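Working through the structure, step by step
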Amino acid sequence: MPLWLAIALPALPLQLAARAIETAAPLAIVEGPVQRLQVAFCNDAARRAGVAAGQKLAAAQALAANLIAVERRPERERDALLELAGWAYQFSAAVTVRDDGLQLETGGSRRLFGGHAHLNREIAAQLAGLGYRAAFGEAATPQAAWWLAQARMRGLTVASPAAPEQLPAALAPLPLAALGWPAGTVDTLHALGLRTLHDLLQLPRDGIGRRFGTALLADVDRALGRLPDPQIAFEPPQCFVAALELPADVVETAQLMFPAQRLLRSLEGFLRGRGAGATELLFTA
């Protein structure tokens, strides 16, 4: 029976900067025009200093004089997800890359890893070793698994429906705001007094279709297993190439061992997925 594991990575740009260096200093990811850079994400140390998303960089620097500011690079985020997909290939031959995470079909490999609970623990432990924080969702359909991961990312406690018949009950309590729908759609649903998927499913399907179009209902039907939901499978590259951009200057050679260890862990997963080995490693700066 298919079983999907969704791995959602909250504040991915911040995680990419934080995993490259050991520091307790305030750290912020900034984006926008060069003359009007704004904070998009910040770590706990920055928040304790009063920095918040949406602030201008100059204002943030006034609050935290030792703030490390890193400009956001969407292409680096995509590269990191592809690198992570290559690592995840050791656990499943069916890996899908999403905008801020991954999905793995683990139903076919759980026996190899001693059951799905042991497999999930191994994935979580290795992710932590790579320097990532993740929210997980597990379900019989990929869309349901992703929704559950998004709900957990918001701090909600949700069930993990392994069987298709468990999907309606498990998904019903999910807040509509956690389903990834456009903000305008969610605002309209809220204006109608609808807060959860259960509320939405109580309405006549014809009325939902006329008001919101067929895409919303199709999304629900894919999550519930009523419609097929084929995923675009990730194809691992022939060669392993990975990079970590240091958000601050390195003044001691020993400081390079921290990011190097994380690159090596990523390489280990890539090699396991391909049943391969390495005879030479090349590090460049």
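What comes next is a walk through the structure. (Residues numbered from 1 in each chain as written. Predicted model: local features only at pLDDT ≥ 70, side-chain atom pairs only at ≥ 80, totals over all residues. Heavy atoms only, no water.)

**Describing the overall build of the chain**
In terms of helices and strands, the chain carries 12 helices and seven strands. What you see for the chain is a C-alpha radius of gyration of 21 Å, in line with the 19 Å of a compact globule of 285 residues. Projected onto its principal axes, the C-alpha coordinates of the chain cover approximately 65 × 50 × 30 Å. For the chain, the residues scored as buried account for 44% of the 285 residues in total. Look at the contacts in the chain between residues 6 or more apart in sequence, and 56% of them connect residues 24 or more apart. (Helix = DSSP H or I, 4+ residues; strand = E, 2+ residues; numbered from the N terminus. Rg over C-alpha atoms; globule rule 2.2 N^0.38 Å. Buried < 20%, exposed > 50% of the residue type's maximum accessible area, 1.4 Å probe, protein only. Contact = heavy atoms within 4.5 Å.)

**As for the nonpolar core**
Counting 30 residues, the largest nonpolar core has Trp 147, Leu 171, Leu 174, Trp 181, Leu 197 and Leu 200 as its most contacted members. Within the residue set of this core, elements represented by two or more residues are strand S1 (4–8), helix H6 (142–153), helix H7 (167–171), helix H8 (183–191), helix H9 (197–201) and helix H11 (214–224). With seven residues, H6 is the single largest residue contributor to this core. Leu 9, Phe 91, Val 95 and Leu 102 belong to the second-largest nonpolar core, a separate cluster that totals 22 residues. (Core = buried A, V, L, I, M, F, W, Y, C linked by side-chain atoms within 4.5 Å.)

**Side note on the packing of H6 against H11**
Between H6 and H11, the least distance of the axes is 6 Å, while the angle of their chain directions is 100°. By the criterion of interaxial angle, the relationship of H6 to H11 is roughly perpendicular. Residues Gln 143, Ala 144 and Trp 147 of H6 lie in contact with H11, whose contacting residues are Asp 219, Val 220, Arg 222 and Ala 223. Of the residues that constitute the contact of H6 with H11, the class distribution is four nonpolar, one polar and two charged. (Axes fitted to C-alpha atoms, helices over the stretch in contact; angles between N-to-C directions. Parallel < 35°, antiparallel > 145°, perpendicular 65-115°, else oblique. Nonpolar A, V, L, I, M, F, W, Y, C, P; charged D, E, K, R; others polar.)

**Quick word on the pairing of strand S7 (residues 135–139)**
Of all five residues in S7, four are buried; the element is thus mostly enclosed. Bridge analysis of S1 against S7 gives five bridges, and the strand direction is antiparallel. Looking across to S7, one finds that Trp 4 is bridged to Ala 139. (Pairing = 2+ DSSP bridges.)

**Notes on the pattern of salt bridges**
Counting across every chain of the model gives nine salt bridges. Across the pair Asp 44 and Arg 47 runs a salt bridge whose closest N-O atoms are separated by 2.4 Å. Taken together, the residues Asp 44 and Arg 47, both in helix H2 (residues 44–48) and three residues apart, mark about one turn of the helix. When its relative accessible area of 44% is taken as the criterion, Arg 47 is described as partly exposed. Where Arg 72 meets Glu 77, a salt bridge forms, and the shortest distance between an N and an O atom there is 2.7 Å. According to the relative accessible area criterion, Arg 72 is partly exposed, its value standing at 28%. (Salt bridge = Lys/Arg side-chain N within 4 Å of Asp/Glu carboxyl O.)

**Details of helix H4 (residues 74–88)**
A rise of 1.5 Å per residue sets the reference length of H4, with its 15 residues, at 21 Å; its end C-alpha atoms lie 21 Å apart and thus fit the reference within 8%. Elements that come into contact with the buried residues of H4 comprise helix H1 (12–18), strand S5 (95–98), strand S6 (101–105), helix H5 (116–130) and helix H12 (257–274). (Expected span 1.5 Å × (residues − 1).)

**Focus on the sheet that holds strand S4 (residues 68–71)**
Overall, mixed pairing links the three strands, which are arranged S3-S2-S4 in an open sheet. With one partner strand each, in any of the chains shown, strand S3 (38–42) and S4 form the two edges of the open sheet. Going across the sheet, the axis of each strand differs from the next one's by a mean of 40°, ignoring polarity. The pairing of strand S2 (residues 27–31) with S3 spans four bridges and is antiparallel. Directly across from Ala 28, in S3, lies its bridge partner Cys 42.

**Section: the sheet that holds S6**
Across the sheet, which stays open at both edges, the four strands sit in the order S5-S6-S1-S7 with antiparallel pairing between neighbours. The strands lining the two open edges of the sheet, one partner per strand, are S5 and S7. Averaged over all pairs of adjacent strands, the angle between their axes in this sheet comes to 15°, without regard to strand direction. Of the strands in this sheet, S5 and S6 touch H4, which is tilted by about 165° from S5. Against the sheet, H6 touches S1, S5, S6 and S7, its axis set at about 150° to S7.

**Side note on the side chain of Arg 262**
With respect to the secondary-structure elements, Arg 262 resides in helix H12. Nearest to the buried, unbridged Arg 262 among oppositely charged side chains is Glu 22, at 7.1 Å. Beyond its immediate chain neighbours, meaning those up to four positions away, Arg 262 contacts Ala 18, Arg 19, Ala 128, Gly 129, Leu 130, Gly 131 and Leu 244. (Lys, Arg positive; Asp, Glu negative; His and termini not counted.)

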